[in-house]
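Each chain, letter by letter, is given below.
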Amino acid sequence: MDKFLQNKHEVLRYLGYKNQVLDKVTNDLIDELMDEMRSLIKARYVYKFFNIRKEKDRICILNSNFSIAGEDIRKHLDKSEICILMAATLGNSVDEKIRYYEKISMTKALILDACATTAIEELCDRICEELEEVVQNENNTLTSRYSPGYGDLPIDIQKKISRYAQCRKIYRAYCIL
């Protein structure tokens, strides 16, 4: 995959900037931490296709004992017969470095976390582009990403998604398409 973290505007957006002028020290620090983040990234991902059955208040993943409760996800997958469980990570080094900076510089930790958020979104966008090609070849359409924590889909479902997507140590982003 190409280099990640090319969009400084997104990093600034996650930091809460809204067209303010950056002073040179802050601008340089952001650039430095974006470079550091790029050197830390060891991107990995997995995804798996599942047939689904829709019930009144949940989506059942067929051939498993896994179901996803929630009205919002039910609506999201209303016209779907298949869902894709996906998990992606930037690698352990990213979270380790953020934790390190939390102990010595909360400013660096905050900026590095915004860089990580931007990078994982870029990774997920690239995965969805790959998936878009796969499903188009089968005359299907991909929905938008829908991740734990969206709407009424609880964030704690991530561990189950990880198990059913058959991934070990993949974390930081999970979604259902």
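Residues numbered from 1 in each chain as written. Predicted model: local features only at pLDDT ≥ 70, side-chain atom pairs only at ≥ 80, totals over all residues. Heavy atoms only, no water.

Per the counting criterion, the structure on display carries eleven salt bridges. Across the pair lysine 8 and aspartate 31 runs a salt bridge, and its minimum N-O distance is 2.7 Å. Of this pair, lysine 8 sits in helix α1 (residues 8–14) while aspartate 31 is found in helix α2 (residues 24–40), placing the two residues 23 residues apart along the sequence. Overall, aspartate 31 belongs to the partly exposed group, its relative accessible area being 30%. (Salt bridge = Lys/Arg side-chain N within 4 Å of Asp/Glu carboxyl O. Helix = DSSP H or I, 4+ residues; strand = E, 2+ residues; numbered from the N terminus. Buried < 20%, exposed > 50% of the residue type's maximum accessible area, 1.4 Å probe, protein only.)

As a further point, take unusual backbone geometry. Among all residues except glycine, the phi angle is most often negative; among peptide bonds, the trans geometry is most common. Not every positive phi belongs to a glycine, and asparagine 63 is a case in point at roughly 60°. Of note in the backbone geometry, asparagine 139 takes a positive phi value of approximately 60° without being a glycine. Summarising the element assignment, asparagine 139 is placed in the loop between α5 (106–137) and α6 (158–164).

Turning our attention to the packing of helix α4 (residues 92–104) against α5. Packing of α4 against α5 brings their axes to within 6 Å, and their N-to-C directions diverge by 155°. The angle between the axes of α4 and α5 places the two elements in the roughly antiparallel class. Considering only the axes of α4 and α5, their crossing is left-handed. Seen from α4, the contacting residues are Val94, Lys97, Ile98, Tyr101, Glu102 and Ile104; seen from α5, they are Met106, Lys108, Ala109, Leu112, Asp113 and Ala116. (Axes fitted to C-alpha atoms, helices over the stretch in contact; angles between N-to-C directions. Parallel < 35°, antiparallel > 145°, perpendicular 65-115°, else oblique. Left-handed = near helix turned anticlockwise from the far one by under 90°. Contact = heavy atoms within 4.5 Å.)

Taken as a whole, this structure holds four aromatic pairs when the rule is applied. Seen from their ring centres, tyrosine 146 and tyrosine 150 are 5.4 Å apart, and the 75° between their planes marks the pair as edge-to-face. Taken together through their ring pairs, the aromatic side chains of Tyr45, Tyr47 and Phe49 make up a single cluster. When the ring centre of tyrosine 14 is taken as origin, the NZ or CZ atom of arginine 13, which lies over that ring, is 4.6 Å away. Above the face of the tyrosine 101 ring, lysine 97 is positioned so that its terminal group lies 5.5 Å from the ring centre. (Phe/Tyr/Trp six-rings, centres within 6.5 Å; stacked < 30°, edge-to-face > 60°. Lys NZ or Arg CZ within 6 Å of the ring centre and 35° of its normal.)

In this section: the packing of α2 against α5. Where α2 contacts α5, the two axes come as close as 9 Å, and the packing angle between them is 55°. Here α5 runs oblique to α2, going by the angle between their axes. Two packed elements cross with a definite hand, and for α2 against α5 that hand is right-handed. Along its contact with α2, which presents Leu29, Ile30, Glu32, Leu33, Met34, Met37 and Leu40, the element α5 presents Thr107, Lys108, Ile111, Leu112, Cys115 and Ala116. Class assignment of the residues belonging to the contact of α2 with α5 gives a composition of ten nonpolar, one polar and two charged. (Nonpolar A, V, L, I, M, F, W, Y, C, P; charged D, E, K, R; others polar.)

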